[in-house]
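# Observations on the model geometry
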Amino acid sequence: MRNYDVDEGDGAAPVQPKRGETVQHRLTCASIVIVVAAVELALCLLPPAFADAPSAGWDPETYAVADRAFSVQYPRLPPQGSLILSIDHRAFQPMDEKPFSSLLGFDSGNLTIGLGVRYSLLDSLDIGVERYNATVTDYDTYEFNSRFQLLAEDRGLADIAIGGGLTWFDAESLSDEYGGMAEVLIGRTLFGKLYVTSGVMYHSRPAVMTGTEDVPHYSAAVLATANLLVMERVALVTEWSIPVAGAWEGSPAWSAGPKVYSFGHTFSLVVSNAHDISDDRLAAGSTRWNHPIFGFTITRQL
C-alpha cells in the first residue's frame, strides 16, 4: 500500500476508522445511495416536456463541450473527432490557513497538477490519458481509460455510459504498482439548464493515506454531479464522490465552483475538500469534510 509522506494540513496523519464508525459510515452512505438512485430513476421517468433539448452551453458548434464536471466524467461524450486537452491545479494548503499570505494556498507549494488528453474515436467512444504529479506522493500517477456511451439522451430517456481503464503508479525509488478502474454513469438534462449525473466507480488499488494492512485493497463509490447554467456561458457546478465499500478516507469528497464556457474553452474555479483528483483517490473519498482547498480546471476542445 502506498503512503503519503505528509498529512493534508490537519495536524496529524489520519487513522483507520473504528468498526462502529465504519458501520455508521456505511449506513449513511447506503441511505445516500438509495436517495441518489431514486432521484435518477425519477428523472429518467419524467415526461419529455420536463427534459428540454440541451442548452447553448452544450452546443459543440458554438461553445466548448463539457465532458466532465471537474474530475468526474460525464456520460455524454463529445462528437467524433473531438480532441480535449485538460489542465488541473489543486492547492495543498487549505484556504482558511493563512489565506492572504499563501494566496489561498497557491503560494504554499505542493500543488497537485494534472495534464490530460481525450479523443473521441466515435460519437459513442473515446479514449483518454491523464498524468498527475508526485509533489506530495512517492509516485506519479498515469491513467489510461475509455468511455463507451450506451444511450444518448436525444434518442432515449438519459445519457448512459460505461468506462474503464488502467492506473499506473510510477515511483522512482519504489516498485511500480497498477490498478484497474470501472464505472457506470447516467445523466439527464432538465429544463435545458440543469444537467445532473450519477454513477458508481470501482478501483482495485486505491492509494489511501492510512497505509495499514487492514485497509481493503479496493474502493467503490457513488458519484454525483450537477451543472446549472445560470446564464448563457456561466454554470455552477458541483461533484461528489461518496465511498460505499472497501477502503475509504473517512469523508465523501466534494467540489464546487463556477464554470465559464468560452469559444473552445471551459475555465472552472474549484473549491474542494480533496486536493487529489486521480481516479484511485476519487473512489476513496477525502480525509476531511471541511478545510477546503482552492484550484482550477481548464479544458480546450480542438
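All residue numbers refer to position in the chain's written sequence, counted from 1. Per-residue local features are limited, in this predicted model, to residues with pLDDT of at least 70; the limit for side-chain atom pairs, both in listing and counting, is 80 or more; totals at the level of whole chains, interfaces and linings are taken over all residues. Calculation of side-chain values draws on the structure's entire complement of heavy atoms; hydrogens and water are dropped beforehand.

From N to C terminus, the protein includes two helices and twelve strands. Here the protein holds 302 residues, and the buried ones make up 50% of them. A separation threshold of at least 6 residues defines the contact pool for the protein, and within that pool the share at least 24 residues apart is 61%. When the accessible surface of the protein is summed, it comes to about 13200 Å², and 65% of that surface belongs to carbon and sulfur atoms. Counting from the N terminus, the helices are DSSP H or I runs at least four residues long and the strands are E runs at least two residues long. Classification of residues uses two cut-offs on accessible area relative to the type maximum, computed with a 1.4 Å probe and protein chains only: under 20% is buried, over 50% is exposed, and between them is partly exposed. Residue contacts are defined here by distance: any two heavy atoms, one from each residue, within 4.5 Å place the two residues in contact. Every accessible area reported is derived by Shrake-Rupley at a probe size of 1.4 Å, with residue values counting cover from the shown protein chains alone.

There is a patch of nonpolar side chains on the surface, built from Leu85, Val117, Val129, Phe144, Leu166, Tyr178 and Leu302 and spanning about 580 Å² of accessible area. Take Leu85: it is sitting in strand S1 (residues 83–90). Grouping into patches uses exposed residues only, defined as over 30% relative accessible area, and leaves out salt-bridged ones; the cut-off is 9 Å for like charges and 5 Å for nonpolar side chains (Val, Leu, Ile, Met, Phe, Trp, Tyr). Here, a salt bridge means any side-chain nitrogen of Lys or Arg that lies within 4 Å of a carboxyl oxygen of Asp or Glu.

As a further point, take the nonpolar core. Think of a nonpolar core as a cluster: buried Ala, Val, Leu, Ile, Met, Phe, Trp, Tyr and Cys residues, connected wherever their side-chain atoms sit within 4.5 Å. Core analysis: the largest hydrophobic core is formed by ten residues, namely Ala66, Ala69, Phe70, Tyr74, Tyr195, Leu229, Ala235, Val237, Tyr261 and Val270. Not counting residues up to four positions away in its chain, the partners in contact with Phe70 are Asp88, Arg90, Val237, Thr238, Glu239, Ser255, Ala256, Gly257, Ser268, Val270 and Thr297. Formed by seven residues, the second largest nonpolar core is a distinct cluster that contains Val72, Met201, Leu223 and Ala283.

So, about the pattern of salt bridges. As enumerated under the stated definition, the model contains 14 salt bridges in all. Between Asp126 and Arg118 there is a salt bridge whose closest N-O contact spans 3.0 Å. The class of Asp126 is buried, set by a relative accessible area of 1%. Classification of Arg118 by relative accessible area gives buried; the value is 3%. With a closest N to O distance of 2.6 Å, Arg147 and Asp126 form a salt bridge. Of this pair, Arg147 sits in strand S4 (residues 140–151) while Asp126 sits in strand S3 (residues 125–132), and the two are 21 residues apart along the sequence. Connected through shared salt-bridge partners, Asp67, Arg68, Arg118, Asp126, Glu130 and Arg147 make up one network.

Moving on: the sheet that holds strand S12 (residues 293–301). By the convention used here, strands pair only if DSSP detects at least 2 bridges between them. Strand order in the closed barrel formed by twelve strands is S1-S2-S3-S4-S5-S6-S7-S8-S9-S10-S11-S12, with antiparallel pairing between adjacent strands. Neighbour to neighbour, the strand axes of the sheet diverge by 20° on average, direction disregarded. Angles shown run from 0 to 180 degrees and are taken between the N-to-C directions of axes, each axis being a line fitted to C-alpha atoms and, for helices, limited to the stretch in contact.

Attention now goes to the pairing of strand S11 (residues 265–272). Burial of the side chains of S11 is restricted to one face: Thr266, Ser268, Val270 and Ser272 are buried, whereas none of His265, Phe267, Leu269 and Val271 on the reverse face is. When strand S10 (residues 253–262) meets S11, the two strands line up antiparallel, connected through six bridges. Its bridge partner being in S11, Ser255 is matched across the sheet by Ser272. Where S11 meets S12, eight bridges bridge the pair, whose relative direction is antiparallel. Looking at the pairing, Thr266 lines up with Thr299 of S12.

Below, the discussion takes up the confidence of the model for the protein. pLDDT gives the predictor's per-residue confidence on a scale running from 0 to 100. For the protein, per-residue confidence averages 78 on the pLDDT scale, and 69% of positions sit at 70 or higher. Confidence, read as mean pLDDT per element, is least for helix H1 (residues 19–45) in the protein (52) and greatest for S3 (95). Per-residue pLDDT stays below 50 along residues 1–21; that stretch engages in 55 contacts with residues further than four places along the chain or on separate chains.

Let us now look at the packing of aromatic side chains. Stacked, tilted and edge-to-face are the three classes applied to pairs of Phe, Tyr and Trp rings, where Trp contributes its six-membered ring and a pair requires centres within 6.5 Å; stacked means planes under 30 degrees apart, edge-to-face means over 60, and tilted covers the rest. Throughout the structure, instances matching the rule amount to seven aromatic pairs. Here the aromatic cluster, defined as three or more aromatic residues joined through ring pairs, consists of Trp240, Trp254 and Trp289.

Once that is clear, we can look at the pairing of S3. Residues of S3 alternate between two faces, with Asp126, Gly128, Glu130 and Tyr132 buried on one and Leu125, Ile127, Val129 and Arg131 left unburied on the opposite face. Summarising the sheet, strand S2 (residues 112–122) and S3 pair through eight bridges and their orientation is antiparallel. Residue pairing in the sheet places Tyr119 in a bridge with Ile127 of S3. With antiparallel pairing between neighbouring strands as the criterion, S2 and S3 make up a hairpin whose turn holds two residues. Bridging between S3 and S4 involves eight bridges; their strand directions are antiparallel. Across the sheet, the residue bridging to Asp126 is Arg147, located in S4.

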